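Residue-level structural notes
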Amino acid sequence: KAAHEEGGDGFGGVALLFEEAGELGEAVGDLAGDAGGAAGGVEVQSIAIGGATLASLWNGSDARNQIASGAFDAVVVQGNSVEPVLAPGEFDQFAALFAAAIMDAGKDAVWYSTWARRAGDPLYTEYPALADPAAMTTNVEARYRTAAAIHGDLLARVGAAWQIAIAEQPSVALHVSDGSHPTP
């Protein structure tokens, strides 16, 4: 069963992840192990391509075949962290394709709204919609929220959680030295 089902007893089944980088699949597996023994009953398969957009995941990976196979309980979808803001039309187009494919497979989708880059990142001066971490979080989440709404899917508000963590625990380093990717 999917972990979000009411009355569920935590993690179980398979989450097939489509993501920009491979850290998410590893983290889900680690969390599942912490939640319930050796692997917590979770098998995680991940299609991870560094810097991937939803378009490149759709067109240049085995994502469509994996979704159509239906051999999982949920699909977690994450594209490139700036794609929803810098290429919103393309993001929306491929989010709709992913949403339809996941629905056709009869599975649950979780849209993973990514975190912002660290304050002071040069990207913030180049693009007005990415003025600072708060603006980036708001704008990225808006696109993921729209994607999730297509078929009533779940939204993982990871960026919002990061903003809370940074505000409440500023001494905790969430980004590695590049200011974009997460610490282990």
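Scroll up for the structure.
For the structure given in this document, a descriptive report is provided here. Just so you know, these numbers come straight off a predicted model, no measurement behind them.

Rules used in this analysis
- Residues numbered from 1 in each chain as written.
- Predicted model: local features only at pLDDT ≥ 70, side-chain atom pairs only at ≥ 80, totals over all residues.
- Heavy atoms only, no water.
- Helix = DSSP H or I, 4+ residues; strand = E, 2+ residues; numbered from the N terminus.
- Buried < 20%, exposed > 50% of the residue type's maximum accessible area, 1.4 Å probe, protein only.
- Contact = heavy atoms within 4.5 Å.
- Pairing = 2+ DSSP bridges.
- Core = buried A, V, L, I, M, F, W, Y, C linked by side-chain atoms within 4.5 Å.
- Salt bridge = Lys/Arg side-chain N within 4 Å of Asp/Glu carboxyl O.
- Phe/Tyr/Trp six-rings, centres within 6.5 Å; stacked < 30°, edge-to-face > 60°.

Quick look at the overall build of the protein chain now. Tallying secondary structure elements over the protein chain gives 8 helices and 5 strands in all. The order of helices and strands in the protein chain, counted from the N terminus, is β-α-β-α-α-β-α-α-β-α-α-β-α. Looking at the protein chain residue by residue over its 184 residues, the buried ones come to 41%. For the protein chain, the share of sequence-separated contacts (at least 6 apart) that also reach a separation of at least 24 residues comes to 69%.

Residue alternation in strand β3 (residues 74–77) divides its side chains into two sets, A74 and V76 and V75 and V77, and both sets are buried. Sheet analysis places β3 next to strand β4 (residues 108–112), joined by 4 bridges and oriented parallel. Bridge pairing in β4 places V77 opposite W111.

This part is about the nonpolar core. L54, I67, F98, W111, L130 and M136 are the most contacted members of the largest nonpolar core, which has 31 residues in total. Mapped by element, the contributors of at least two residues to this core are α2 (54–60), α3 (63–69), β3, α5 (88–104), β4, α6 (123–126) and α7 (133–149). Among the elements that take part in this core, α5 stands out by supplying 7 residues, more than any other. Filtering out sequence-adjacent residues up to four positions away, L130 remains in contact with V82, V85, L86, L123, Y124 and M136. Core analysis: the next-biggest nonpolar cluster, separate from the first, contains 8 residues, V110, W115, A156 and W162 among them.

We now examine the pattern of salt bridges. If you walk through the whole model with that rule in mind, you get 4 salt bridges. Of the charged contacts in the structure, one is a salt bridge between R117 and D121, with a shortest N-O distance of 3.9 Å. E141 serves as the salt-bridge partner of R145, at 2.6 Å between the closest nitrogen and oxygen. With R145 and E141 both in helix α7 and 4 residues apart, this pair spans about one turn of that helix. Taking the relative accessible area as the measure of exposure, R145 reaches 43% and is therefore partly exposed.

Our next topic: the packing of aromatic side chains. Applying the stated criterion across every chain yields a total of 4 aromatic pairs. Arranged with centres 5.1 Å apart and planes meeting at 75°, the rings of W58 and F98 form a pair that is edge-to-face. One end of the pair, W58, is in helix α2; the other, F98, is in helix α5, and 40 residues separate them in sequence. Summarising the aromatic geometry, the rings of W115 and W162 are spaced 4.7 Å apart at their centres and angled 10° between planes, so their arrangement reads as stacked. With W115 in the loop between β4 and α6 and W162 in helix α8 (residues 158–168), the pair connects residues that are 47 residues apart, well separated along the chain. Each member of the pair, W115 as well as W162, carries the same accessibility label: buried. The structure contains a cluster of three or more aromatic residues connected by ring pairs, namely Y112, W115 and W162.

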